[in-house]
Amino acid sequence: MRSSTLFARINRHTRMAAPRVNGHARPPTRQHPEPPPTPTRPPVPPSASLVEFGAYVRGGRVAAEDIPRALALVREHNTGLETPEAFVWVGLHEPRAPEVEWLAGLFGLHPLSVEDAIKAHQRPKVERYGDTLFIVLKTVNFLGDRAVDANGEIIETGEIMVFVGPDFVITVRHGDICPLAEVRARLEATPKLLERGPTGVLHAIADHVVDTYLTVADRMQAELEEVEAAVFADVSSRDINRIYQLKREMIEMKRAMTPLEAPLRSLPQRRMIPSEMRDYFRDVGDHLSRVCEQVESSNELCNSILQAALARSNALANEDMRKISSWVAILAVPTMIAGIYGMNFDHMPETRWTFGYPLVLGVMVVVCTLLYRAFRRNGWL
Amino acid sequence: MRSSTLFARINRHTRMAAPRVNGHARPPTRQHPEPPPTPTRPPVPPSASLVEFGAYVRGGRVAAEDIPRALALVREHNTGLETPEAFVWVGLHEPRAPEVEWLAGLFGLHPLSVEDAIKAHQRPKVERYGDTLFIVLKTVNFLGDRAVDANGEIIETGEIMVFVGPDFVITVRHGDICPLAEVRARLEATPKLLERGPTGVLHAIADHVVDTYLTVADRMQAELEEVEAAVFADVSSRDINRIYQLKREMIEMKRAMTPLEAPLRSLPQRRMIPSEMRDYFRDVGDHLSRVCEQVESSNELCNSILQAALARSNALANEDMRKISSWVAILAVPTMIAGIYGMNFDHMPETRWTFGYPLVLGVMVVVCTLLYRAFRRNGWL
Amino acid sequence: MRSSTLFARINRHTRMAAPRVNGHARPPTRQHPEPPPTPTRPPVPPSASLVEFGAYVRGGRVAAEDIPRALALVREHNTGLETPEAFVWVGLHEPRAPEVEWLAGLFGLHPLSVEDAIKAHQRPKVERYGDTLFIVLKTVNFLGDRAVDANGEIIETGEIMVFVGPDFVITVRHGDICPLAEVRARLEATPKLLERGPTGVLHAIADHVVDTYLTVADRMQAELEEVEAAVFADVSSRDINRIYQLKREMIEMKRAMTPLEAPLRSLPQRRMIPSEMRDYFRDVGDHLSRVCEQVESSNELCNSILQAALARSNALANEDMRKISSWVAILAVPTMIAGIYGMNFDHMPETRWTFGYPLVLGVMVVVCTLLYRAFRRNGWL
Amino acid sequence: MRSSTLFARINRHTRMAAPRVNGHARPPTRQHPEPPPTPTRPPVPPSASLVEFGAYVRGGRVAAEDIPRALALVREHNTGLETPEAFVWVGLHEPRAPEVEWLAGLFGLHPLSVEDAIKAHQRPKVERYGDTLFIVLKTVNFLGDRAVDANGEIIETGEIMVFVGPDFVITVRHGDICPLAEVRARLEATPKLLERGPTGVLHAIADHVVDTYLTVADRMQAELEEVEAAVFADVSSRDINRIYQLKREMIEMKRAMTPLEAPLRSLPQRRMIPSEMRDYFRDVGDHLSRVCEQVESSNELCNSILQAALARSNALANEDMRKISSWVAILAVPTMIAGIYGMNFDHMPETRWTFGYPLVLGVMVVVCTLLYRAFRRNGWL
Amino acid sequence: MRSSTLFARINRHTRMAAPRVNGHARPPTRQHPEPPPTPTRPPVPPSASLVEFGAYVRGGRVAAEDIPRALALVREHNTGLETPEAFVWVGLHEPRAPEVEWLAGLFGLHPLSVEDAIKAHQRPKVERYGDTLFIVLKTVNFLGDRAVDANGEIIETGEIMVFVGPDFVITVRHGDICPLAEVRARLEATPKLLERGPTGVLHAIADHVVDTYLTVADRMQAELEEVEAAVFADVSSRDINRIYQLKREMIEMKRAMTPLEAPLRSLPQRRMIPSEMRDYFRDVGDHLSRVCEQVESSNELCNSILQAALARSNALANEDMRKISSWVAILAVPTMIAGIYGMNFDHMPETRWTFGYPLVLGVMVVVCTLLYRAFRRNGWL
Ligand SMILES: [Mg+2]
Ligand SMILES: [Mg+2]
Ligand SMILES: [Mg+2]
Ligand SMILES: [Mg+2]
Ligand SMILES: [Mg+2]
Ligand SMILES: [Mg+2]
Ligand SMILES: [Mg+2]
Ligand SMILES: [Mg+2]
Ligand SMILES: [Mg+2]
Ligand SMILES: [Mg+2]
Ligand SMILES: [Mg+2]
Ligand SMILES: [Mg+2]
Ligand SMILES: [Mg+2]
Ligand SMILES: [Mg+2]
Ligand SMILES: [Mg+2]
Ligand SMILES: [Mg+2]
Ligand SMILES: [Mg+2]
Ligand SMILES: [Mg+2]
Ligand SMILES: [Mg+2]
Ligand SMILES: [Mg+2]
Ligand SMILES: [Mg+2]
Ligand SMILES: [Mg+2]
Ligand SMILES: [Mg+2]
Ligand SMILES: [Mg+2]
Ligand SMILES: [Mg+2]
Ligand SMILES: [Mg+2]
Ligand SMILES: [Mg+2]
Ligand SMILES: [Mg+2]
Ligand SMILES: [Mg+2]
Ligand SMILES: [Mg+2]
Ligand SMILES: [Mg+2]
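Residues numbered from 1 in each chain as written. Chains lettered and ligands numbered in written order. Predicted model: local features only at pLDDT ≥ 70, side-chain atom pairs only at ≥ 80, totals over all residues. Heavy atoms only, no water.

- Looking up chain A in an unreviewed UniProt entry gives the name Magnesium transport protein CorA, with the organism given as Thermopolyspora flexuosa.
- As its UniProt record puts it under Catalytic activity (unreviewed entry), chain A is described as follows: "Mg(2+)(in) = Mg(2+)(out)".
- Chain A has a UniProt comment under Function (unreviewed entry) that states "Mediates influx of magnesium ions. Alternates between open and closed states. Activated by low cytoplasmic Mg(2+) levels. Inactive when cytoplasmic Mg(2+) levels are high." (UniProt positions renumbered as here; feature names shortened; annotations may be inferred.)

In structure tokens, the structure reads:
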């Protein structure tokens, strides 16, 4: 239980953990100052990190050989249209720097957002660079019971970065939590949703991520209830560990969700979001608020359980102490009497009596019985 | 007491609880991602879930065979009037999706509000979709003493959703708490109130719900006072449970009420609320603020009682420990003396004395008396 | 001490307490939903609840037979004047509904403010209905030492509602705290103040009420200091009760004062307050802020005393435990030695020695002395 | 330690303390309602309370017989000038009402500010009455170690009120803390500063007062560090007292400083502050923010030390309890064995053995040694 | 451990610590009131404190003999240009007053910013004086494990002040943390960054400082995890010390970072920041927010660990107490029985039995075994 692996770090995904040497987590030594932004390796198109790409025209997928051709096809289609009808959707998983830089060149992404997309460990946020929105969402995964005893992790977090331009969406995923395939499948199955274009894709992703928050928050609440029951049966030191672990994971979850609330609420006001999509983003924001409130409540309850566990543990200790002391008293009195009659005085008349011994035994029993009753009456036993 | 049913979950109505297998609550597994919004079953008019519907013209109820005819009748009456004088009021209880969708088609409700009305477990809120207001209110029910020992629930929450259009009100109720019949009866008995139209109905509902909050908050405060008295008589581990349960239910109540405060306060500013109704909504908002403040105070007091219970339990333990130690000391001294005179030395002059034994007994009594007095003087006994 | 009367409720005046059956407070059962606002009894002029009424012209009191005639007289005087010079002041104490409704008819009061004035238990607030201001102030009364042991109440709260119109002031008092007679007497003694009209009366009342807050807050602080001294002398479980009671009454006081701060600060900006009165209302607001800050500090200190009492109680317990354990050790060693020489072995050479007995006694004394010294040195004794 | 003088009140200067009868502080009984503002005694020019007055023209001091003549001289000089070049500076110490009223008549001060200047115990604030600014600053004095054992006071607070008009400054000091002479001396030594006029004097005072806050805050932090060291050496109940006292004085200090932050930050925006002085007031505000943050941190640390002291005290108690219990066990075993061989059975073969006694002694030693080792191994000893 | 050096002060750099006499830290006695701002010594050009200076034209370094000549050269180059292309960068380390005053004369710095640059111990801030920005950043250095046992310091803080004018940057460093050389080297290696002029230098510094915050925050989190593991293995009083130290250093770190958040976020809105630099400052602000949130979380976790450690320590104590009491009971029963058979009555039949002794021994063993089993069953052993 001593191993530092038990209480693994809060703001890091399990799978993105620091390398471990001899079973000890290496303290995270972020390479000290940021290196000069000069490209050390030339940009290359994404290969291993490329999950999928597609060109979509009026809600339908169109074949394209590679990303540049897909983009050309889309731009050709959109020429002359007031609102674009086609877009490209590129999906990446933990890309290396040159791959993102290659895309940045193709789609005109700002170097600062590129840096964030590569480095991960960002906070959730919504930023605008020119006519491109850059959104960072934290994904949350419930590890649940199977994990609770291994290393104390209950949830792990990952990240999804989304670049939303007028005619493209680029999604960059960090961590093993994989909801994007599901989102793409659902969207491709419902062309009406895809017709909304890049903003529709953004909405589908945000909606999905926030729905996951709700599921995870419900699961954590169930955990909390289990801990409540355990504490109110009897307070063991192991229960305290579980409360603390829950508390820690609640804070992790809060950090993943809360910073997103304000920018998501302001998203519908942005000029780049088509007016018919505004209610939909407000709806996502509303669900986010709901889960934030739930986690906040659970978090407050965690504190109260800790307090209650302490108070209960104290009260139980008092009850035990009174019980123990009562029995000590009941045992101490015959011991003292026996001690007295064990003294070696020559003249102790009682010791000569024929019935001295049973008399004393009787006295012992009577005294003990009286003590027992007295302790029961005042509630100590 | 160990059963996880004892501490049931906070944000779920007792009657809407997850299915239980073998007496264990199944962890809530919200079906993972939201299914595609394509209608799986065609819309149907509400039947089992329809509680009542009525057409009202200038405060009086008018007969109508079904909802579409009631609406037609109302719209015909309103034609040409600057402010509508007639409206339809439809009341549902836990409707299924196709029923709400059927109504949405008839009255032109936004799909997002429809989704909320079906799914329940929303947070209290006020939203505008076009010229329809969508309001979610949480109802609160006091379960009280009868429940306290069964599963620790003191209050349960339900929901009322209200769609307010220019010529209709649709109320959707979730959970078993049933105040709407009462509200409808009262309104039908006072035509002056009904003449205010859909906004008047909304006011009557909100007013009623907030009045219930006041009643429940008073009840919870009475519970709190009982717990106070129990803690200040003697701190038992059971008292701690009760404090914690109260705390948890306070948080549940806060979550049900607090998010409503801001939108309710801004409701009078909305263009859709007729100016003569504004003071009335402000009044409801004011009562809501009062009960929020009361629950906030009770909540803060819960924390203090927990703290005080801990400190008292500690202080009582010290007082007990001093008492116990004093008696241990009073018993230990004669035991030690008896031990000394129980030694088997050949030459112990005192054991030869004729009055050695009574003398030693006397010494024991004197020493114990002195000890007793000393302990009384320094307050340990 | 067990009786639930000991910890009476926070937001209720002692004199307005719920009826008690067999010494138990009945749980407060506010009559469930608000009854229809149709007048059940016809309005009547106030009689038993009427404390005083007066017509004032340019700061002097003018004779009038009843309220309607006083009002007529005043309105006649004011006719043609740009700023009214005369006003009526009606003072009520816990009026019944028909009485307030009668006044509402005469002076044109809004039904919502009438409802509040009848029902009491409002939160402090400032509301405008047309050209009438409706102000609710909580009065606070210090019960002090005499009460502390009876039922744990240190302060009780009452209410003053004030209707301020262009030519009238109506004051409604709830609870036994009676400062209005005093205010009226002072104002009648200083015509310059009365000349300021209804707003001047409002200022005098608010100023007086806030001054009382200062007095009460000082008294509570003195209580707090007494508790501090008691805790730092020795932590008894009774001290904890007092801290908690203080804490509870602090919260009651905060609730009575704090909600008034914001509306009182915005009062000077209202068009209805004459410009020469604005500095005076700001001054009251400033004094209110001062007492709010004081109570907030005392409240924070209450938490710290509770914490400190707990920590002290723990530290004292440790000190006691070390002391007790030391004496137990000092007694246990001779007991053990005596036990050894009480064994019945045939061959125990020491028991044959002539000086065996005094030798062993000496050894016991030496060992105990050494132990005693050792415990003194390491600070346990 | 029991005396209520030990924990003197927070918002009162030591030297302005309530009269004490028989060593007990009289509970502060502010004279109940504010008396009518009619002057009971006629205004008189300040005499005993007058510390100094001076007329300053272009940074140099000019002789004047009394305050009215000084003011006449100054006003004569300023006649026709766009920005005044001369001003009067009057300094008072705890003046009586008639004296301040006399000055109010001469300089045209508002009665509300006059009331505040007489009564003291104000909160820090900045108020404007016509073209006069009225500023209340709390002075803070470090009493330090010499006081810590006398009555638990670490700091005491006083007040400086400043009236700033276009051609006068009036400073009113309450409490014994005396920095104004120093400020005046420094200003008279640097005519460039005095040329800035009344606002320059205000700045010099505010700057000086805030610098004192920094000094005092540093001293309190040093105290905090001493307490930290004391707690982490060993937690005694006396340490808890010191933490609590520090906490209380931190709160006193916060109350003296924090309310000034907002008005001081808004001071530079006021029309009455010459533009070249604005950076200087911002600088004072900045230093005030710095010291507020420092005290806030120390205050938070106080809470943590209290928590840590409690946790340490608990952990130490456990460590002691384990140690004590180990020794009890080590002593209890030979006592039990001795008890067994002290039984008076006729047939106890061991007692007949020649080496029975040393054998049993040996067994005792071996068992005790084994126990001792076992306890060392599991860390209890 | 008692030495006051162990818990050194929070808002002071280790290397800037107050002089120590006999190993005791002298309480910090800031020279009481600020001395008159008259220059005591005439300004002199910086020598010992001058780290480096350079003139930069279009991103390249140009040779210059001394600072005035560098400035002349730069100003000559910029003459006639709309946006300056050249600037001077002067770097100082803990300069004396006359040196900064000399620079102030040359570059036209405001005396208030000069004072701050000399005195250090400022709070992080952004101020504008005319067309010069004055920025204070706190640097943070991780001392880590090597320090933890020496004096409890985990991090130390220093300061960087930056004056940013249209054609100059002056950096003043306090404390031994030395990142500026690194920043200068990196900038000189990438002319594109240097071409951005003084604002670019400011960005590079701020970016670097904030990156260091991230590194240090990660390190502190690793410490926190180690402490978690230590507490959850077994709660020792030493663990509590470590938690408290971490807490204290978290607060120190928060104070160093948090006040910068608001001004840094508003920096991009300032007219003096070229529009193409705005995204870059927003990016730094974003990273700052991320690290602030992380430290805030860790800080909250510190509180929870302290709470959990206390609760665990209590629960462990109960578990130990039950174990100890069980063994005491198991030992006390045979002792009592032995005492009874040690009594010296003439008529104790059992003592005459041949198998009395082994029988009693057997009884003892049986009773102890039964007790042992009972205690195991109820979980006390
Ligand atoms: Mg970035
Ligand atoms: Mg589980
Ligand atoms: Mg985790
Ligand atoms: Mg959704
Ligand atoms: Mg469960
Ligand atoms: Mg348990
Ligand atoms: Mg304890
Ligand atoms: Mg929704
Ligand atoms: Mg009950
Ligand atoms: Mg419930
Ligand atoms: Mg109502
Ligand atoms: Mg009750
Ligand atoms: Mg009880
Ligand atoms: Mg009302
Ligand atoms: Mg008293
Ligand atoms: Mg009360
Ligand atoms: Mg007043
Ligand atoms: Mg007192
Ligand atoms: Mg006491
Ligand atoms: Mg005043
Ligand atoms: Mg000291
Ligand atoms: Mg003080
Ligand atoms: Mg200064
Ligand atoms: Mg020190
Ligand atoms: Mg100590
Ligand atoms: Mg400064
Ligand atoms: Mg380490
Ligand atoms: Mg440090
Ligand atoms: Mg960076
Ligand atoms: Mg680690
Ligand atoms: Mg440990």
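**What to know about the overall build of chain A**
Now for step 1: Secondary structure summary: chain A contains 11 helices and 9 strands in total.
Now for step 2: Scored against the burial criterion, the 381 residues of chain A give a buried share of 61%.
Now for step 3: Partitioning the contacts of chain A with sequence separation of at least 6, the portion at a separation of at least 24 is 68%.
Now for step 4: Counting only carbon and sulfur atoms, one obtains 57% of the accessible surface of chain A, whose full area is about 14,800 Å². (Helix = DSSP H or I, 4+ residues; strand = E, 2+ residues; numbered from the N terminus. Buried < 20%, exposed > 50% of the residue type's maximum accessible area, 1.4 Å probe, protein only. Contact = heavy atoms within 4.5 Å. Areas by Shrake-Rupley, 256 points an atom, 1.4 Å probe, with all protein chains shown as cover.)

**What to know about the coordination of the magnesium ion (ligand 25)**
When four donors bind a metal tetrahedrally, each ideal donor-metal-donor angle is 109.5 degrees, and when six bind octahedrally, the ideal angles are 90 or 180 degrees.
Now for step 1: Coordination sphere of the magnesium ion (ligand 25), protein contribution only: Ala 230 of chain D (O), Asp 234 of chain D (O) and Asp 239 of chain D (OD), at 2.0 to 2.4 Å.
Now for step 2: Binding-site remark: the magnesium ion (ligand 25) is held by donors from one chain whose sequence spacing is A-x3-D-x4-D. (Donors = N, O, S within 2.8 Å, 3.2 Å for Na, K, Ca; no water.)

**Some points on the environment of Leu 288 of chain E**
Residues and elements named next belong to chain E.
Now for step 1: Relative to the helices and strands, Leu 288 resides in helix 9 (residues 278–341).
Now for step 2: With 82 residues separating them along the chain, Leu 288 and Ala 206 place their C-alpha atoms 9.7 Å apart.
Now for step 3: Once you skip the residues sitting within four places of it in the chain, Leu 288 turns out to touch Val 210, Tyr 213, Met 257, Leu 260, Glu 261 and Leu 264.

**A look at the relation of the copies chain D and chain C**
Now for step 1: With an RMSD of 0.1 Å, the fit of chain D onto chain C corresponds to turning through 72 degrees and sliding 0.0 Å along the axis. Taken together, the turn and the small shift mark the pair as related by a five-fold rotation axis. When C-alpha distances to the rotation axis are compared across chain D, the minimum falls at Gly 342 of chain D, with a value of 4.4 Å.
Now for step 2: Little of the interface of chain D is mirrored in chain C, where only 12% of its interface residues are also at the interface. (Least-squares fit on C-alpha atoms with pLDDT ≥ 70 in both.)

**Brief notes about the interface of chain D and chain C**
Now for step 1: Taken residue by residue, the interface counts 76 residues in chain D and 64 residues in chain C.
Now for step 2: Surface buried jointly by chain D and chain C totals about 6,200 Å² across both partners, of which 56% is contributed by carbon and sulfur atoms.
Now for step 3: Where chain D meets chain C, there are 10 salt bridges.
Now for step 4: Close ionic contact of Asp 234 of chain D with Arg 322 of chain C constitutes a salt bridge, the shortest N to O distance being 3.4 Å.
Now for step 5: Summed over the shared surface of chain D and chain C, the result is 24 residue pairs in polar contact (both at pLDDT 80 or more).
Now for step 6: Of all the secondary structure elements, the ones that give two or more residues to the side of chain D that touches chain C are helix 3 (111–119), strand 6 (125–129), helix 8 (237–266), helix 9 (278–341), helix 10 (349–352) and helix 11 (356–377) of chain D.
Now for step 7: Residue classes in the side of chain D that touches chain C are distributed as 34 nonpolar, 23 polar and 19 charged. (Buried area = accessible area lost by both parts, 1.4 Å probe. Salt bridge = Lys/Arg side-chain N within 4 Å of Asp/Glu carboxyl O. Polar contact = N/O pair within 3.5 Å; in protein donor to acceptor, adjacent residues only side chain to side chain. Nonpolar A, V, L, I, M, F, W, Y, C, P; charged D, E, K, R; others polar.)

**A closer look at the relation of the copies chain B and chain C**
Now for step 1: Expressed as a screw operation, the relation of chain B to chain C combines 0.1 Å of axial shift with a rotation of 72 degrees, fitting to an RMSD of 0.1 Å.
Now for step 2: In this assembly, only 14% of the residues forming the interface of chain B have copies in chain C that are likewise at the interface, indicating a heterologous arrangement.

**Describing the UniProt feature "transmembrane region" (unreviewed entry) in chain A**
All names here are of chain A.
Now for step 1: Mapped onto this structure's residue numbering, the UniProt feature "transmembrane region" (unreviewed entry) falls at residues 324–343 and 355–375.
Now for step 2: Along residues 324–343 the backbone is 90% helical and 0% strand, and the end-to-end C-alpha distance reaches 29 Å.
Now for step 3: Between the C-alpha atoms that bound residues 355–375 the distance is 30 Å, and the span itself is 95% helix and 0% strand.

**Topic: the packing of aromatic side chains**
Residues and elements named next belong to chain B.
Now for step 1: Within the structure shown, the criterion is met by 45 aromatic pairs over all chains.
Now for step 2: Taking 6.3 Å as the distance between ring centres and 50 degrees as the angle between the ring planes, the aromatic pair formed by Tyr 56 and Trp 89 counts as tilted. Note that Tyr 56 is positioned in strand 3 (residues 50–57) and Trp 89 in strand 5 (residues 86–93), a separation of 33 residues in sequence.
Now for step 3: With relative accessibility at 0%, the residue Tyr 56 sits in the buried group. (Phe/Tyr/Trp six-rings, centres within 6.5 Å; stacked < 30°, edge-to-face > 60°.)

**Focus on the pairing of strand 5 (residues 86–93) of chain C**
All names here are of chain C.
Now for step 1: Of all 8 residues making up strand 5, 7 are buried, and the element is well covered by its neighbours.
Now for step 2: For strand 3 (residues 50–57) and strand 5, the ladder comprises 7 bridges, and the chain directions are antiparallel. Counterpart to Glu 52 in the pairing with strand 5 is Gly 91.
Now for step 3: Both strand 5 and strand 9 (residues 168–174) contribute to a ladder of 6 bridges, which runs parallel. Following the sheet pairing, Trp 89 is matched in strand 9 by Val 169. (Pairing = 2+ DSSP bridges.)

**Observations concerning the coordination of the magnesium ion (ligand 13)**
All names here are of chain B.
Now for step 1: Within the protein, the magnesium ion (ligand 13) binds to Ala 230 (O), Asp 234 (O) and Asp 239 (OD); these donor distances fall in the range 2.1 to 2.4 Å.
Now for step 2: Donor residues for the magnesium ion (ligand 13), ordered by position in the chain, follow A-x3-D-x4-D.
Now for step 3: The class of Asp 234 is partly exposed, set by a relative accessible area of 28%.

**Here's the deal with the interface of chain B and chain C**
Now for step 1: Listed per partner, the contact involves 64 residues of chain B and 76 residues of chain C.
Now for step 2: Regarding the contact of chain B and chain C, the summed buried area is about 6,200 Å², with carbon and sulfur atoms giving 56% of it.
Now for step 3: For chain B, the biggest contributors to the area lost against chain C are Phe 232, Arg 290 and Phe 345 of chain B; these three give 10% of the whole.
Now for step 4: Here chain B is connected to chain C by 9 salt bridges.
Now for step 5: With a shortest N-O distance of 3.7 Å, Glu 300 of chain B and Lys 254 of chain C are connected by a salt bridge.
Now for step 6: Counting across the chain B and chain C interface gives 23 residue pairs in polar contact (both at pLDDT 80 or more).
Now for step 7: Those elements giving two or more residues to the side of chain B that touches chain C turn out to be helix 5 (180–189), helix 7 (198–233), helix 9 (278–340) and helix 10 (349–352) of chain B.
Now for step 8: For the side of chain B that touches chain C, the element with the highest residue contribution is helix 9 of chain B, accounting for 33 residues.
Now for step 9: Considering only residue class, the side of chain B that touches chain C consists of 25 nonpolar, 18 polar and 21 charged.

**Overview of the pattern of salt bridges**
Any two side chains of opposite charge can pair, given that their charged atoms come close.
Now for step 1: By the definition in use, this model includes 127 salt bridges over all chains.
Now for step 2: Notably, a salt bridge pairs Arg 96 of chain C with Glu 99 of chain C, separated by 3.0 Å at the nearest N-O pair.

**Let's talk about the sheet that holds strand 6 (residues 125–129) of chain B**
Paired through backbone hydrogen bonds, the strands of a sheet run either parallel or antiparallel to each other.
Residues and elements named next belong to chain B.
Now for step 1: On the basis of which strands lie adjacent, the open sheet formed by 7 strands has the order 4-3-5-9-8-7-6 and mixed pairing. The open sheet has two free edges, formed respectively by strand 4 (60–62) and strand 6, since each of these has just one partner strand. Direction aside, neighbouring strands of the sheet carry axes that sit 25 degrees apart on average.
Now for step 2: Across 6 bridges, strand 8 (residues 155–164) lies against strand 9 (residues 168–174) in antiparallel orientation. Looking at the pairing, Val 162 lines up with Thr 171 of strand 9.
Now for step 3: Contacts between helix 2 (residues 97–107) and the sheet are confined to strand 5 and strand 9, with strand 5 contributing the most and set at about 165 degrees to the helix. (Axes fitted to C-alpha atoms, helices over the stretch in contact; angles between N-to-C directions.)

**Points about the sheet that holds strand 4 (residues 60–62) of chain A**
All names here are of chain A.
Now for step 1: Read across the sheet, 7 strands follow the order 4-3-5-9-8-7-6 without closing on themselves; strand pairing throughout is mixed. At either end of the open sheet lies a strand with only one pairing partner, and these are strand 4 and strand 6 (125–129). On average, each strand axis in the sheet is tilted by 25 degrees relative to the strand beside it, whichever way the strands run.
Now for step 2: Relative to strand 7 (residues 132–142), strand 6 is paired through 5 bridges, and the arrangement is antiparallel. Bridged to Lys 125 within strand 7 is Val 136.
Now for step 3: Running at roughly 155 degrees to strand 5 (residues 86–93), helix 1 (residues 67–78) makes contact with strand 3 (50–57), strand 4, strand 5 and strand 9 (168–174) of the sheet.

**Quick notes on the domain arrangement of chain A**
Now for step 1: Examined at the domain level, chain A breaks down into domain 1 (50–313) and domain 2 (319–378).
Now for step 2: One C-alpha centre belongs to domain 1 of chain A, the other to domain 2 of chain A, and the line joining them spans 73 Å. (Domains from an automatic or database assignment.)

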